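Okay, here's what each chain looks like letter by letter:
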Amino acid sequence: NAGVTQTPKFQVLKTGQSMTLQCAQDMNHEYMSWYRQDPGMGLRLIHYSVGAGITDQGEVPNGYNVSRSTTEDFPLRLLSAAPSQTSVYFCASRGWTGATNEKLFFGSGTQLSVL
Amino acid sequence: AQKITQTQPGMFVQEKEAVTLDCTYDTSDPSYGLFWYKQPSSGEMIFLIYQGSYDQQNATEGRYSLNFQKARKSANLVISASQLGDSAMYFCAIWGAGSYQLTFGKGTKLSVIP
């Protein structure tokens, strides 16, 4: 059981380049999300989805794009990378039963540097 | 809106001693869940313990326990008999019943001294 799989683990971009961070889960979770982690800031939500075809913005959505065409996949797109997007990115998923005790399962993270 | 405050950026504890990591929260939801995650230097996020707002007893998971004081809006993590492998960042987080996200605090870096 793979859980939440993120690729790549590391990426270096030049300012203005675009890229897609991939995220897949095999737990049939309806809820998927992307967080970024910056030193001293904790984890902040970028975008989330509660099912295929449904996405919404989180706390820090600017500069990022998402789509959800299948239950399993939730890619995060950087359309024109900026140095401010240098961060560690986590994909996470959970069941969507309405209960508060559903824990978030995290991927292993992607360390992104934008030069 | 929901918010988590962790006031201890860093903590030191002697091996085999107990340590308490502080967490206070704010939410307008009457029903909510509180979570603690551990992030070792390798970077992965590891779920430790959960406390529901209507749970009558404090949650425990092995050496981890949660000191839940609802009136004070606090959910402190207690680690008993600290081990060197407990050295990590610890994040407190909240999920309100009406929310679409798990909101994290800024974390506490715990260092266990031999």
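So, a few notes on the structure that sits alongside this text. (Residues numbered from 1 in each chain as written. Chains lettered and ligands numbered in written order. Predicted model: local features only at pLDDT ≥ 70, side-chain atom pairs only at ≥ 80, totals over all residues. Heavy atoms only, no water.)

1. Notes on the overall build of chain B
So, point 1. Looking only at helices and strands, chain B features 0 helices and 12 strands.
So, point 2. Order of helices (α) and strands (β) in chain B, N terminus to C terminus: β-β-β-β-β-β-β-β-β-β-β-β.
So, point 3. Its C-alpha radius of gyration of 14 Å places chain B within 12% of the 13 Å reference for a compact globule of 114 residues.
So, point 4. Across the 114 residues in chain B, those meeting the buried criterion constitute 51%. (Helix = DSSP H or I, 4+ residues; strand = E, 2+ residues; numbered from the N terminus. Rg over C-alpha atoms; globule rule 2.2 N^0.38 Å. Buried < 20%, exposed > 50% of the residue type's maximum accessible area, 1.4 Å probe, protein only.)

2. Topic: the interface of chain B and chain A
So, point 1. Across the boundary between the two partners, chain B contributes 21 residues, which contact 19 residues of chain A.
So, point 2. Buried area between chain B and chain A, both sides added, is near 1700 Å², and the carbon and sulfur share of it is 64%.
So, point 3. Remark: the boundary between chain B and chain A carries 0 salt bridges.
So, point 4. Between chain B and chain A we count 5 residue pairs in polar contact (both at pLDDT 80 or more) in total.
So, point 5. The set of elements that each furnish at least two residues to the side of chain B that touches chain A consists of strand E5 (32-39), strand E6 (46-52) and strand E10 (88-96) of chain B.
So, point 6. Here the element with the most residues in the side of chain B that touches chain A is E5(B); it accounts for 5 residues. (Contact = heavy atoms within 4.5 Å. Buried area = accessible area lost by both parts, 1.4 Å probe. Salt bridge = Lys/Arg side-chain N within 4 Å of Asp/Glu carboxyl O. Polar contact = N/O pair within 3.5 Å; in protein donor to acceptor, adjacent residues only side chain to side chain.)

3. Remarks on the nonpolar core
Residues and elements named next belong to chain B.
So, point 1. Membership of the largest hydrophobic core comes to 25 residues, with the highest contact counts inside it found for Leu-21, Leu-34, Trp-36, Ile-49, Leu-77, Tyr-90 and Leu-110.
So, point 2. Those elements that provide at least two residues to this core are strand E2 (10-14), strand E3 (19-21), E5, E6, strand E8 (64-69), strand E9 (74-79), E10 and strand E12 (108-113).
So, point 3. Element by element, the count of residues in this core is highest for E10, at 4 residues.
So, point 4. Contact partners of Leu-110, with chain neighbours within four places excluded, come to Met-11, Val-13, Val-19, Leu-21, Ile-79, Asp-86, Ser-87, Ala-88 and Tyr-90. (Core = buried A, V, L, I, M, F, W, Y, C linked by side-chain atoms within 4.5 Å.)

4. Digging into the packing of aromatic side chains
So, point 1. Taken as a whole and assessed by the stated rule, the structure comprises 19 aromatic pairs over all chains.
So, point 2. Arranged with centres 6.3 Å apart and planes meeting at 85 degrees, the rings of B:Phe91 and B:Phe104 form a pair that is edge-to-face. Here B:Phe91 is found in strand E10, whereas its partner B:Phe104 is found in strand E11 (residues 103-104), with 13 residues between them in sequence. The exposure classification of B:Phe91 matches that of B:Phe104, with both residues buried.
So, point 3. Counting every residue linked through ring pairs, the aromatic cluster contains A:Tyr35, A:Phe90, A:Phe106, B:Phe35, B:Tyr37, B:Phe47, B:Tyr50, B:Phe91 and B:Phe104.
So, point 4. Lying across the ring of B:Trp95, A:Arg94 places its NZ or CZ 3.6 Å from the centre.
So, point 5. Residue placement shows B:Arg63 over the ring face of B:Tyr64; its charged tip is 5.7 Å from the ring centre. (Phe/Tyr/Trp six-rings, centres within 6.5 Å; stacked < 30°, edge-to-face > 60°. Lys NZ or Arg CZ within 6 Å of the ring centre and 35° of its normal.)

5. Remarks on the pairing of strand E3 (residues 19-25) of chain A
Residue and element names in this part refer to chain A.
So, point 1. Side chains of E3 alternate between two faces, with Met-19, Leu-21, Cys-23 and Gln-25 buried and Thr-20, Gln-22 and Ala-24 left unburied.
So, point 2. Bridge count between strand E1 (residues 4-7) and E3: 4 bridges; the pairing is antiparallel. Residue Gln-6 lies in a different strand from E3, and its bridge partner there is Cys-23.
So, point 3. Where E3 meets strand E8 (residues 76-78), 3 bridges bridge the pair, whose relative direction is antiparallel. (Pairing = 2+ DSSP bridges.)

6. What about the state of the cysteines?
Here a disulfide denotes a covalent bond joining the sulfur atom of one cysteine to the sulfur atom of another.
All names here are of chain B.
So, point 1. On inspection of all chains with the given rule, the structure shows 2 disulfides over all chains.
So, point 2. Paired by a disulfide, Cys-23 and Cys-92 hold their sulfur atoms 2.0 Å apart. The S-S bond linking Cys-23 to Cys-92 shows a torsion near -60 degrees; that makes this disulfide left-handed. On the criterion of sequence distance, the pair formed by Cys-23 in the loop between E3 and strand E4 (24-27) and Cys-92 in strand E10 is long-range, its members being 69 residues apart. (Disulfide = S-S within 2.5 Å.)

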